[in-house]
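What follows is the residue order along each chain.
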Amino acid sequence: MELTAREDIEAPQDRVFAMMSDFDTIERQAMRRGVEVSRTAEGPGAGMAWDTGFRFRGKRRQAQVTLTEYQPSERLVFTSVSGGLTMVLTLDIVALSPGRTRINATTTMSAKTLSARLFLQSMKLARGGMDKRFRKGVAELAGAMETRLRGAA
């Protein structure tokens, strides 16, 4: 299953990438939302990894997240494995002009176990809502980034 979204930000590409790769800040934001985060491999760069714990649908879940591709100013690719579910998040940062940047976000999910396949099938049935929530999340992220970048200027 694949979800995609794209948003434009009024900021230079290098500043947008710097904010998206500020892993210390991202870890703190996740912890404020109740996610347990433990960095298991240092970076920055491909190979950085985290162990995470969170509640989803009333159950305690664990996920291992790895930064599998790191191309400064252009691309970040994260691979997350939780049980039999593998998720790959690709963030492409594209300069539209010197002061405008586009973020293309793509999430691909695949299942390796029967329970993960059933979970993924239920998500596919609710695909319209999932697409909408994913796009809304990316839009909120882009809006917050734009606001923070304006304040830092």
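Attention here is on the structure that accompanies the text. Everything numeric in this text was worked out from a predicted model, so none of it was measured.

1. Section: the overall build of the protein
From N to C terminus, the protein includes 4 helices and 7 strands. Listing every helix and strand of the protein by position from the N terminus yields β-α-α-β-β-β-β-β-β-α-α. Computed over its C-alpha atoms, the radius of gyration of the protein comes to 16 Å, within 12% of the 15 Å expected for a compact globule of 153 residues. The principal-axis extent of the C-alpha atoms belonging to the protein is close to 50 × 35 × 25 Å. When the accessible surface of the protein is summed, it comes to about 8,900 Å², and 53% of that surface belongs to carbon and sulfur atoms. With 24 positive and 17 negative side-chain charges, the protein shows a spacing of 9 Å between the two charge centroids.

2. A few points about helix α1 (residues 13-20)
Along α1, the residues that are buried comprise Q13, V16, F17, M19 and M20. The arc that holds every buried residue of α1, seen down its axis, measures 160°, which confines them to one face.

3. Details of the sheet that holds strand β3 (residues 49-56)
In space, the 7 strands of this open sheet follow the order β1-β7-β6-β5-β4-β3-β2, with antiparallel pairing throughout. In this open sheet, the two edge strands, each paired with only one partner strand, are β1 (2-9) and β2 (36-41). Taking each pair of neighbouring strands and ignoring which way they run, the sheet shows an average axis angle of 20°. The sheet contact formed by strand β5 (residues 75-82) and strand β6 (residues 85-97) spans 8 bridges and is antiparallel. Within the sheet, the bridge partner assigned to V77 lies in β6 and is T90. Of the strands in this sheet, β1, β4 (59-71), β5, β6 and β7 (100-111) are in contact with α1, which crosses β6 at around 155°. Against the sheet, helix α2 (residues 23-32) touches β2, β3, β4 and β5, its axis set at about 150° to β2.

Scoring rules and cut-offs
- Residues numbered from 1 in each chain as written.
- Predicted model: local features only at pLDDT ≥ 70, side-chain atom pairs only at ≥ 80, totals over all residues.
- Heavy atoms only, no water.
- Helix = DSSP H or I, 4+ residues; strand = E, 2+ residues; numbered from the N terminus.
- Rg over C-alpha atoms; globule rule 2.2 N^0.38 Å.
- Areas by Shrake-Rupley, 256 points an atom, 1.4 Å probe, with all protein chains shown as cover.
- Lys, Arg positive; Asp, Glu negative; His and termini not counted.
- Charge placed at Lys NZ, Arg CZ, Asp CG, Glu CD.
- Buried < 20%, exposed > 50% of the residue type's maximum accessible area, 1.4 Å probe, protein only.
- Arc of directions from axis to C-beta.
- Pairing = 2+ DSSP bridges.
- Axes fitted to C-alpha atoms, helices over the stretch in contact; angles between N-to-C directions.
- Contact = heavy atoms within 4.5 Å.

Read these as geometric descriptors, not functional statements.
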